[in-house]
Amino acid sequence: VTGASVHYSWFFRLDPQVADSYGSASWGLERYAPLVTEMDRRGDELGVHPHPFRWLPGEQSWLQDFANQGWVEHCVGTSLEAYSRALGRRCRMLRFGDRWINTATLNFAESMGVQFDLTVEPGAPASSGLVAGEGTCGSIPDYYRVPRRPYTPAFYDYEEPVSTTTRPLRLVPLT
C-alpha cells in the first residue's frame, strides 16, 4: 500500500532452557544461520525473547521463576550474550516471555544495551501464569496503567512514562 518494504521483528529464545535442551543458548541462531542472515540482510529487526525457566532436578520439571530477580537477570544476560556472540553486535530489542516484565529487569536489560522493549500489553490482566499446568513462581503483572503509545519509562517504575531524552530505553506496547 505504501510502496515501502515490509520489515518484521523476530525475537529468539536464547535463554538457559534453550542451552540446557540444545547444548547452546544460541542454538537457533546457529542452526538457522542462513535464514537469520537473510532476515538481517532484508532489514528485519532481530531481538531476544527470554523466559526464566529453571530446571528442578528433584521434580524433573521446569519452573518459570519470575520471583527470583537474580535468576531473571541471569536468563536475560544469557540471552543477550548469546545474541552478541552469534551476531557480533549488541541486541537492541527485548520481548520478555509470557508478557512478564518488571522495572529491575528493564533497567538491567538497558544496562546491557537494550533500547526497545515490546513486552507490555496494555489492558492485559494480572495472572499467575499463562499456560495451564505449567509451574510458575511469581505472577504476571496487570497492564491496566501502561500507556498505549511508545514511551520512555521512569527508572523507578516502568509503568510511568517520563519526558526525557537522556534515557535510551523505549517501551513499545503491543496493542
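An account of the accompanying structure is given in this report. Note that the structure is predicted; figures quoted are calculated from it, not measured.

1. Here we look at the packing of helix α4 (residues 69-87) against helix α5 (residues 103-111)
- Direction vectors running N to C along α4 and α5 enclose 30 degrees, while the axes themselves pass 10 Å from each other. Considering the angle they form, α4 stands roughly parallel to α5. For the pair α4 and α5, the crossing hand works out as right-handed. Of the residues in α5, those in contact with Gln69, Val72, Glu73, Val76, Gly77 and Leu80 of α4 are Ala104, Thr105, Phe108 and Ala109.
- Split by residue class, the contact of α4 with α5 holds 6 nonpolar, 3 polar and 1 charged.

2. Description of the side chain of Thr119
- Mapped onto the elements of the fold, Thr119 is located in the loop between β6 (116-117) and β7 (135-137).
- We classify Thr119 as buried; its relative accessible area is 0%.
- A polar contact is formed between the side chain of Thr119 and the backbone nitrogen of Phe96, at a distance of 2.8 Å.
- Beyond its immediate stretch of four places on either side in the chain, Thr119 contacts Leu94, Arg95, Phe96, Arg99, Trp100, Ile101 and Tyr143.

3. Some thoughts on the packing of aromatic side chains
- Using the criterion set out here, one finds 7 aromatic pairs in the structure.
- Centroid distance Tyr143 to Tyr158: 6.4 Å. Interplanar angle 70 degrees. Geometry classified as edge-to-face. Taken as a pair, Tyr143 in the loop between β7 and β8 (152-154) and Tyr158 in strand β9 (residues 157-162) lie far apart in primary sequence, 15 residues in all.
- By relative accessible area, which is 0% here, Tyr143 ends up buried.

4. Some remarks on the sheet that holds strand β4 (residues 61-65)
- A sheet is described by the order of its strands in space; here 3 strands give the open sequence β3-β4-β7, paired in mixed fashion. Because the sheet does not close on itself, it has two edges, and the strands there are β3 (53-56) and β7. Averaged over all pairs of adjacent strands, the angle between their axes in this sheet comes to 35 degrees, without regard to strand direction.
- Note that β3 and β4 share 4 bridges and pair antiparallel. Paired with Phe53 across the strands is Gln64, a residue of β4.

5. Looking at the pairing of β9
- Of the strand pairs in this sheet, β8 and β9 are connected by 3 bridges, and their pairing is antiparallel. Considered in β9, the bridge of Thr152 is made with Val162.
- Counted between consecutive antiparallel strands, the loop separating β8 from β9 contains 2 residues.

6. Let's talk about the nonpolar core
- Formed by 32 residues in total, the largest nonpolar core has its most connected members in Ile101, Val120 and Tyr158.
- Residue assignment for this core shows that the elements contributing at least two residues are α3 (33-41), β2 (45-48), α4 and α5.
- If you tally residues by element for this core, the top one is α4, at 5 residues.
- If we ignore the near neighbours within four places in the chain, the residues touching Ile101 are Leu94, Phe96, Leu106, Asp117, Thr119, Val120, Pro141, Tyr143 and Tyr158.

7. Describing α5
- Among the residues of α5, those classed as buried are Thr103, Thr105, Leu106, Phe108, Ala109 and Glu110.
- Among the structural elements, α4, β5 (93-94), β6, β9 and β10 (170-171) are those in contact with the buried residues of α5.
- Two to three positions downstream of the cap, the backbone nitrogen of Ala104 sits 3.4 Å from a side-chain oxygen, assigning the N-cap of α5 to Asn102.
- Just past α5, the residue Gly113 takes up positive phi, approximately 105 degrees.

Reading the values: the criteria
Residues numbered from 1 in each chain as written. Predicted model: local features only at pLDDT ≥ 70, side-chain atom pairs only at ≥ 80, totals over all residues. Heavy atoms only, no water. Axes fitted to C-alpha atoms, helices over the stretch in contact; angles between N-to-C directions. Helix = DSSP H or I, 4+ residues; strand = E, 2+ residues; numbered from the N terminus. Parallel < 35°, antiparallel > 145°, perpendicular 65-115°, else oblique. Left-handed = near helix turned anticlockwise from the far one by under 90°. Contact = heavy atoms within 4.5 Å. Nonpolar A, V, L, I, M, F, W, Y, C, P; charged D, E, K, R; others polar. Buried < 20%, exposed > 50% of the residue type's maximum accessible area, 1.4 Å probe, protein only. Polar contact = N/O pair within 3.5 Å; in protein donor to acceptor, adjacent residues only side chain to side chain. Phe/Tyr/Trp six-rings, centres within 6.5 Å; stacked < 30°, edge-to-face > 60°. Pairing = 2+ DSSP bridges. Core = buried A, V, L, I, M, F, W, Y, C linked by side-chain atoms within 4.5 Å.

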